[in-house]
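Geometric and topological summary
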Amino acid sequence: MKKILFIFILFITYSCTENKKSRLISQYYEGFKNSDFNQIRSTVSDTLIITEGDYIMTYSPDNYYDHFKWDSTFKPTYNLVAIESQDNTITTTVSVSSIRFKFLKNDPLICKYKFAFNSGKIIKIENLDCIDVNWKLWEKERDSLVNWVKLNHPELDGFINNINVQGAKDYVKAIELYNTKD
């Protein structure tokens, strides 16, 4: 009987922990939806690691805020499609539409992420896969824009590597100029 009670308590504790993690992830994405960095900030630890393939980016709250502002410039719309709990990890599917993704002809961008937690905060977000993305088309559109800007608007050149608000504004301006070039 004690074993059954112990297993039941473990199950309840595990279920509550998984629900808290799911709510934390929902709150994280609601912060993006609401353009509310303070809501996002309350869900992440003082050090947040985001991985995308071979790229590992480590953020403090201040430089994650800079990333948030860069991303916000493209007017994204986030939609949390699914949250799955499996083997003590949480995986999400997220759909994002934005000015940038529309230009790159991969809108919405739908990706799967795996979340890691410590002390009730998100410490790591790993991009597992982007579903149905056409990377060749993405690269073609990006390269066309970069090359056109070099020739026609050199004052905006370098926007693609400038991951701050001014770089994002230049990126949006380059898209607008490119789309009205004819």
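Heads up: these notes are all about the structure in this document.

What counts and what doesn't
Residues numbered from 1 in each chain as written. Predicted model: local features only at pLDDT ≥ 70, side-chain atom pairs only at ≥ 80, totals over all residues. Heavy atoms only, no water. Pairing = 2+ DSSP bridges. Helix = DSSP H or I, 4+ residues; strand = E, 2+ residues; numbered from the N terminus. Axes fitted to C-alpha atoms, helices over the stretch in contact; angles between N-to-C directions. Contact = heavy atoms within 4.5 Å. Salt bridge = Lys/Arg side-chain N within 4 Å of Asp/Glu carboxyl O. Core = buried A, V, L, I, M, F, W, Y, C linked by side-chain atoms within 4.5 Å. Buried < 20%, exposed > 50% of the residue type's maximum accessible area, 1.4 Å probe, protein only. Phe/Tyr/Trp six-rings, centres within 6.5 Å; stacked < 30°, edge-to-face > 60°. Lys NZ or Arg CZ within 6 Å of the ring centre and 35° of its normal.

1. So, the sheet that holds strand β2 (residues 55-59)
Spatially, six strands are ordered β2-β1-β6-β5-β4-β3 in an open sheet, and the strand pairing comes out mixed. Every other strand in the sheet has two partners, leaving β2 and β3 (77-86) as the edge strands with one partner each. Each strand of the sheet is rotated relative to its neighbour by a mean of 20°, with strand direction disregarded. Relative to β2, strand β1 (residues 44-52) runs antiparallel, the two sharing five bridges. Directly across from Thr51, in β2, lies its bridge partner Ile56. Against the sheet, helix α3 (residues 61-72) contacts β1, β2 and β3, and its axis sits at roughly 115° relative to β2.

2. A closer look at the pattern of salt bridges
Side-chain pairs of opposite charge can arise where the charged atoms are in close proximity. Scanning all chains against the criterion turns up eight salt bridges. The network of salt bridges with common partners includes Lys105, Lys140 and Glu141.

3. Comments concerning the nonpolar core
Membership of the largest hydrophobic core comes to 44 residues, with the highest contact counts inside it found for Tyr28, Tyr29, Tyr64, Phe115, Ile122 and Leu145. If one sorts the elements of this core by residue count, helix α6 (residues 165-179) sits on top with six residues. Excluding anything up to four places from it in sequence, Leu145 contacts Phe103, Phe159, Tyr171, Ala174, Ile175 and Tyr178.

4. Describing the packing of aromatic side chains
For the coordinates displayed, the defined rule picks out 21 aromatic pairs. Geometrically, the ring pair formed by Phe32 and Tyr78 is tilted, given 4.7 Å between the ring centres and 35° between the ring planes. Remark: Tyr78 occurs in strand β3 and Phe32 occurs in helix α1 (residues 2-33); sequence separation between them is 46 residues. In this structure Phe32 comes out as buried when scored by relative accessible area, which is 7%. Look at Trp148 and Tyr178: their rings are 5.5 Å apart centre to centre, the planes differ by 90°, and that puts the pair in the edge-to-face class. Here the residue Trp148 occupies a position in helix α5 (residues 135-152), and Tyr178 occupies one in helix α6, the gap between them amounting to 30 residues. Using a relative accessible area of 16% as the deciding quantity, one classes Tyr178 as buried. Arg100 extends its terminal NZ or CZ atom over the ring of Phe74, reaching a point 5.3 Å from the ring centre. The ring of Tyr178 carries the charged tip of Lys181 above its face, separated from the ring centre by 3.8 Å.

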